Number of protein chains: 2
Amino acid sequence: MSKVLRKPAEFRQACEDARAAQRHVGLVPTMGALHDGHFSLIDEAKSRADFIALTLFVNPLQFAPGEDLTRYPRTFESDLAGCRERGVDVVFAPEPGAMYSPEFQTGVSVKGISEPLEGGFRPSHFDGVTTVVTKLFNLAGPCIAMFGRKDYQQWKVLSRMALDLDMPIEVVGCPIIREDDGLALSSRNRYLSTSDRTRALGIVAGLRQAFDAWEHGEREPDVLRSLAEEPVRGAFDRLDYVAAVDPETLAAPSPSPRRILIAVAAHLGTTRLIDNVVLGEDARP
Amino acid sequence: MSKVLRKPAEFRQACEDARAAQRHVGLVPTMGALHDGHFSLIDEAKSRADFIALTLFVNPLQFAPGEDLTRYPRTFESDLAGCRERGVDVVFAPEPGAMYSPEFQTGVSVKGISEPLEGGFRPSHFDGVTTVVTKLFNLAGPCIAMFGRKDYQQWKVLSRMALDLDMPIEVVGCPIIREDDGLALSSRNRYLSTSDRTRALGIVAGLRQAFDAWEHGEREPDVLRSLAEEPVRGAFDRLDYVAAVDPETLAAPSPSPRRILIAVAAHLGTTRLIDNVVLGEDARP
């Protein structure tokens, strides 16, 4: 039976009590609208910790004006049912005002790795992410925290943050969960009309073209990038980026790379989708 | 017998072991060159915690180019003797390279309250302070952390940071310790020649003039500010600021203030001194 807490102080206390009882806190930060991707984070957390804290918070700080903050899907009751089914111990679902007082004026920021890809199109996004995740880390005091690799750059930014700030927390990136046809699960998929849902497969086709070329020995980043881009360009209304970069630095790959991250962000109407694959590491999308 | 640790991981472990033994960690972050002001922080920490961790780290991140990073006084052996005498449990004295890897790219920043006073003259200073203190907090996991109110704005910035980021730590500001003639203790006082040491009392004279006027009923910030400024202007080579502000917001005081912070920063040759008094709260300097 997952306990639902609304106040930061209550959440802190629940996690503190768990730690006092020698339980290891595993944190799963989410914005709600939970799907099997999130549930895989819970399962992974349960295999590595014995008190699971899941947070449901659509963090206003990581949305720019004009982004989809107000229409971001909110499905609290079914989220809660999913958490209960999977044995989450505590669900923290604060109001924005409980997280950000009127006097709030502090930020956590990672340079460098936050600047390419998403950083180029959502300039203040990662500052919002790193700030809220720092708050959640400080409230929960977890040993581990789980993030999905669909938000690959987010995972890398948060890993860098935890390392740089000596946070005593293992930041875990869990594999992307996909539909049978390959589309990466995303809370934003529910924005898609039936026809856009079909067009969205252009991303999968792009990642697969790059993947297959890599498997056949192609190592030239520009070639892999172009192969990934072509089907996306055909299917989507607008591309933000299709990139072939080093999976650790997100900068240009070294010569003869052992791994390459192919990352895509593109728009179908008012819906923005992202996806990625690490060639040389991940399975075929 | 204070244990001296150089590596962040060792420091983390020592504090973790203390917490596991049900001890409350009190943290005293310093840049070394310890004096009775620092020792009063240790004493206060000992009255409120039972495992005292003192850090000695001249943090390069909080010095701008041209400031006194390289000539900042380093007195490790006598610092250590002072810590041992006062029963500090662990002294953490890392090399800069152990705190900041070449890949380091994360910062913690407080807006608003960090911008006036020191913020106007040392623009990146507080970002360096909040970042390193976050790291020390994450390494030590203290219940309380002690700071001197000579660095009044630093104390307020760090209090704001801890609150905003939900750090489970009480940030304590301890009273200024002064010489018999009123000069606030500072590691930088040792830069002063005999004649400059005498001139430095201009700050004390200024604070006392404001204090005495307040005691006689003066409440006009501009009048109090001018009274504080006059002796400083007479004695020092250059003023950065003499301010009369609200002690909580560091902005203009409300009408009929119950308390006013008088804060001063001024130069004697290459030495920069700061001092302050909270009228309506502190004793006469």
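Residues numbered from 1 in each chain as written. Chains lettered and ligands numbered in written order. Predicted model: local features only at pLDDT ≥ 70, side-chain atom pairs only at ≥ 80, totals over all residues.

As for the overall build of chain A
The test is simple: Only DSSP runs of H or I reaching four residues or more are called helices, and only runs of E reaching two or more are called strands; each is numbered from the N terminus. The reference for a compact globule is 2.2 Å times residues^0.38; the radius of gyration itself is calculated from the C-alpha atoms. Labels follow a simple rule on C-beta atoms placed from the backbone: if 20 or more others lie within 10 Å of a residue's own, it is buried; if 12 or fewer, it is exposed; otherwise it is partly exposed. We call two residues in contact whenever the C-beta atoms placed from their backbones are within 7 Å.
Helix and strand content of chain A: 10 helices and 10 strands. A compact globule built from 285 residues should have a C-alpha radius of gyration of about 19 Å, and chain A, at 19 Å, falls within 12% of that. Summarising its shape, the C-alpha atoms of chain A cover approximately 55 × 40 × 35 Å along the three principal directions. Here chain A, with 285 residues, has 44% of them falling under the buried criterion. In chain A, the proportion of contacts linking residues at least 24 apart, taken out of those at least 6 apart, comes to 70%.

Side note on the sheet that holds strand β3 (residues 51-56) of chain B
Residues and elements named next belong to chain B. To keep things clear, this is the line we draw: Two strands pair if DSSP finds at least two bridges between them. Orientation is described by axes fitted as lines to C-alpha atoms, over the contacting stretch for helices, and by angles from 0 to 180 degrees between their N-to-C directions.
Overall, parallel pairing links the six strands, which are arranged β1-β4-β3-β2-β6-β7 in an open sheet. What marks the edges here is a single partner per strand, and that holds for β1 (3-5) and β7 (170-174). In this sheet, adjacent strand axes meet at a mean angle of 25 degrees when their direction is disregarded. Pairing of β1 with strand β4 (residues 90-92), which is carried by three bridges, proceeds in the parallel orientation. Following the sheet pairing, Val-4 is matched in β4 by Val-91. Running over the sheet, helix α3 (residues 76-85) touches β1, β3 and β4 and is turned about 170 degrees from β3. Helix α6 (residues 125-140) rests against β2 (25-30), β3 and β6 (144-148) of the sheet, and its axis sits at about 150 degrees to β2.

Looking at the interface of chain B and chain A
Here is the rule: Charged residues are taken to be Asp, Glu, Lys and Arg, nonpolar residues to be Ala, Val, Leu, Ile, Met, Phe, Trp, Tyr, Cys and Pro, and polar residues to be all remaining types, Gly included.
On the chain A side, the residues contacting the 23 residues of chain B number 23 residues. No other element matches the five residues that strand β5 (residues 106-110) of chain B contributes to the side of chain B that touches chain A. Residue composition of the side of chain B that touches chain A, grouped by class: 10 nonpolar, seven polar and six charged. Across five bridges, the pairing between strand β5 (residues 106-110) of chain A and β5 of chain B is antiparallel. Bridging from a neighbouring strand, Thr-106 of chain A pairs with Val-110 of chain B of β5 of chain B.

Section: the pairing of β6 of chain B
Residue and element names in this part refer to chain B. For β6, the tally of buried residues reaches four of five residues, placing the bulk of the element in the interior. In this structure, β2 lies alongside β6, joined through two bridges in parallel fashion. Each bridged residue has a counterpart across the sheet, and for Leu-27 the counterpart in β6 is Ala-145. Taken together, the five bridges between β6 and β7 define a ladder with parallel strand orientation. Note that in β7 the partner of Met-146 across the bridge is Val-172.

Focus: the sheet that holds strand β9 (residues 260-268) of chain B
Within a beta sheet, neighbouring strands are joined by backbone hydrogen bonds and run either parallel or antiparallel to one another. Residues and elements named next belong to chain B. The antiparallel open sheet is built from three strands, whose spatial order is β8-β9-β10. Each edge of the sheet is formed by a strand with only one pairing partner; in this case those strands are β8 (238-245) and β10 (271-279). Looking at each pair of strands side by side, their axes are set apart by 10 degrees on average, direction ignored. Sheet topology note: the β8/β9 ladder contains seven bridges and is antiparallel. Paired with Ala-244 across the strands is Ile-262, a residue of β9.

Description of the domain arrangement of chain A
Residues and elements named next belong to chain A. Heads up, the condition is: Where a domain begins and ends is set by an automatic assignment or by a domain database.
Each assigned domain of chain A is listed here: domain 1 (3-174) and domain 2 (187-276). In this structure, domain 1 and domain 2 have C-alpha centres spaced 26 Å apart. Counting residues at the interface gives 14 residues for domain 1 and 13 residues for domain 2. Per-class residue counts for the side of domain 1 that touches domain 2 are eight nonpolar, three polar and three charged.

Some thoughts on helix α10 (residues 221-235) of chain A
All names here are of chain A. Note the threshold: Every helix has an expected span of 1.5 Å times one less than the residues it contains. Across the chain, bend at a residue is computed as the angle between axes fitted to the seven residues ending at that point and the seven starting from it.
The first and last C-alpha atoms of α10 sit 22 Å apart over 15 residues, in line with the 21 Å expected at 1.5 Å per residue. The sharpest bend along α10 measures roughly 25 degrees and falls at Glu-229, with the proline Pro-231 sitting one to four residues further on. Regarding α10, the residues found buried are Pro-221, Leu-224, Arg-225, Leu-227, Ala-228, Glu-229 and Val-232. In this fold, the buried residues of α10 make contact with α9 (201-215), β8 (238-245), β9 (260-268) and β10 (271-279).

Here's the deal with the relation of the copies chain B and chain A
Rules: Least squares is the method for superposing the copies, and the C-alpha atoms it fits come from residues with pLDDT of at least 70 in both.
Placing chain B over chain A gives an RMSD of 0.0 Å and needs a rotation angle of 180 degrees, together with 0.0 Å of translation along the axis. Interpreted geometrically, this transformation is the action of a two-fold axis. Distance from the rotation axis, computed per C-alpha, reaches its smallest value in chain B at Val-108 of chain B: 2.2 Å. Both copies present the same face, since 100% of the interface residues in chain B are matched by interface residues at the equivalent positions in chain A.

Topic: unusual backbone geometry
In this model, Ser-256 of chain A sits at a positive phi of 45 degrees, which is unusual for a non-glycine residue. Mapped onto the elements of the fold, Ser-256 of chain A is located in the loop between β8 and β9. In this structure, Leu-117 of chain B is a non-glycine residue whose phi angle is positive, near 50 degrees.

Remarks on the packing of α6 of chain B against helix α7 (residues 152-164) of chain B
All names here are of chain B. Test applied: Reported orientations rely on four angle classes, namely roughly parallel under 35 degrees, roughly antiparallel over 145, roughly perpendicular from 65 to 115, and oblique for the rest. With the far helix as reference, a near helix turned anticlockwise by less than a right angle produces a left-handed crossing, and one turned clockwise produces a right-handed crossing.
Remark: α6 packs on α7, axes separated minimally by 10 Å, with the N-to-C direction vectors making an angle of 50 degrees. By the criterion of interaxial angle, the relationship of α6 to α7 is oblique. For the pair α6 and α7, the sense of crossing is right-handed. Counting all contacts with α6, which are made through Phe-126, Val-129, Thr-130 and Val-133, the residues of α7 involved are Gln-154, Val-157, Leu-158 and Met-161. The residue makeup of the contact of α6 with α7, split by class, is six nonpolar, two polar and no charged.

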